[in-house]
Amino acid sequence: MTVGYDVTYVFTIDHVAKKLGEDPGLLQAIVSNDDNLSYGNIISVYDGTDEAITALTDDGVDELRQMLAHARRLITSSTALSTTKSSSRA
């Protein structure tokens, strides 16, 4: 199946983690479920060994960046809401 555009570059999880300042284990956990990103943005690269390297397209990196930013906003909002409720009880 073709994706609809030419993929010129893919980036390993370790590279993306460094680029985004994130833990590679966190990113690996996110992309291990291919339902988390759009179809075609997560690629398995085989080099002839028994293991594949997971890589992301440019769009995959952007989508992952947006997902992490959204999660941080939710956490920040939730923390602020909890702090506000705690302060109002005092």
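Throughout what follows, the structure given in this document is the object of discussion. As the structure is a computational prediction, the values presented were derived from the model and not from experiment.

1. As for the overall build of the chain
In step 1: Within the chain, the regular secondary structure consists of 3 helices and 3 strands.
In step 2: Written out in order from the N terminus, the α and β elements of the chain read β-α-α-β-β-α.
In step 3: For the chain, the proportion of its 90 residues judged to be buried stands at 21%.
In step 4: Summarising the internal contacts of the chain: among those between residues at least 6 apart in sequence, 55% fall at separations of at least 24.
In step 5: Counting every atom, the chain has about 6,600 Å² of accessible surface; 52% of that belongs to carbon and sulfur.

2. Let's talk about the nonpolar core
In step 1: Formed by F11, I13, V16, A17, L27, I30, V31, L37, L56, V61, L64 and L68, the largest nonpolar core amounts to 12 residues.
In step 2: Counting residues per element, the ones that place at least two in this core are α1 (13-20), α2 (24-31) and α3 (58-89).
In step 3: Sequence-distant contacts of L64, defined by excluding residues within four places in its chain, comprise V16, L20, L27, I30, L37 and L56.

3. Structural notes on the sheet that holds strand β2 (residues 42-46)
In step 1: The 3 strands are arranged β1-β3-β2 in an open sheet whose pairing can be described as antiparallel. Edge positions in the sheet fall to β1 (10-12) and β2, since each of these pairs with one other strand and no more. On average, each strand axis in the sheet is inclined to that of its neighbour by 45°, with strand direction left out of account.
In step 2: Along the sheet, α1 makes contact with β1 and β3 (52-57), crossing β1 at roughly 85°.

4. Some details on α2
In step 1: Along α2, the residues that are buried comprise L27, I30 and V31. The buried residues of α2 occupy an angular sector of 90° when the element is viewed end-on, so they sit on one face.

5. Considering the pattern of salt bridges
In step 1: Evaluated as defined, the whole model comprises 2 salt bridges.
In step 2: Here R72 ties to E22 by a salt bridge, and the two come within 2.6 Å at their closest N and O atoms. With R72 in helix α3 and E22 in the loop between α1 and α2, this pair connects stretches of sequence that are 50 residues apart.
In step 3: For R72, a relative accessible area of 41% puts it in the partly exposed group.
In step 4: Given a relative accessible area of 14%, E22 falls into the buried group.
In step 5: Across the salt bridge formed by D62 and R65, the nearest N and O atoms sit 2.9 Å from each other. One end of the pair is D62 and the other is R65, both in helix α3 and 3 residues apart, which spans about a single turn.
In step 6: Relative accessible area serves as the criterion here: at 36%, R65 is assigned to the partly exposed category.

Conventions used here
Residues numbered from 1 in each chain as written. Predicted model: local features only at pLDDT ≥ 70, side-chain atom pairs only at ≥ 80, totals over all residues. Heavy atoms only, no water. Helix = DSSP H or I, 4+ residues; strand = E, 2+ residues; numbered from the N terminus. Buried < 20%, exposed > 50% of the residue type's maximum accessible area, 1.4 Å probe, protein only. Contact = heavy atoms within 4.5 Å. Areas by Shrake-Rupley, 256 points an atom, 1.4 Å probe, with all protein chains shown as cover. Core = buried A, V, L, I, M, F, W, Y, C linked by side-chain atoms within 4.5 Å. Pairing = 2+ DSSP bridges. Axes fitted to C-alpha atoms, helices over the stretch in contact; angles between N-to-C directions. Arc of directions from axis to C-beta. Salt bridge = Lys/Arg side-chain N within 4 Å of Asp/Glu carboxyl O.

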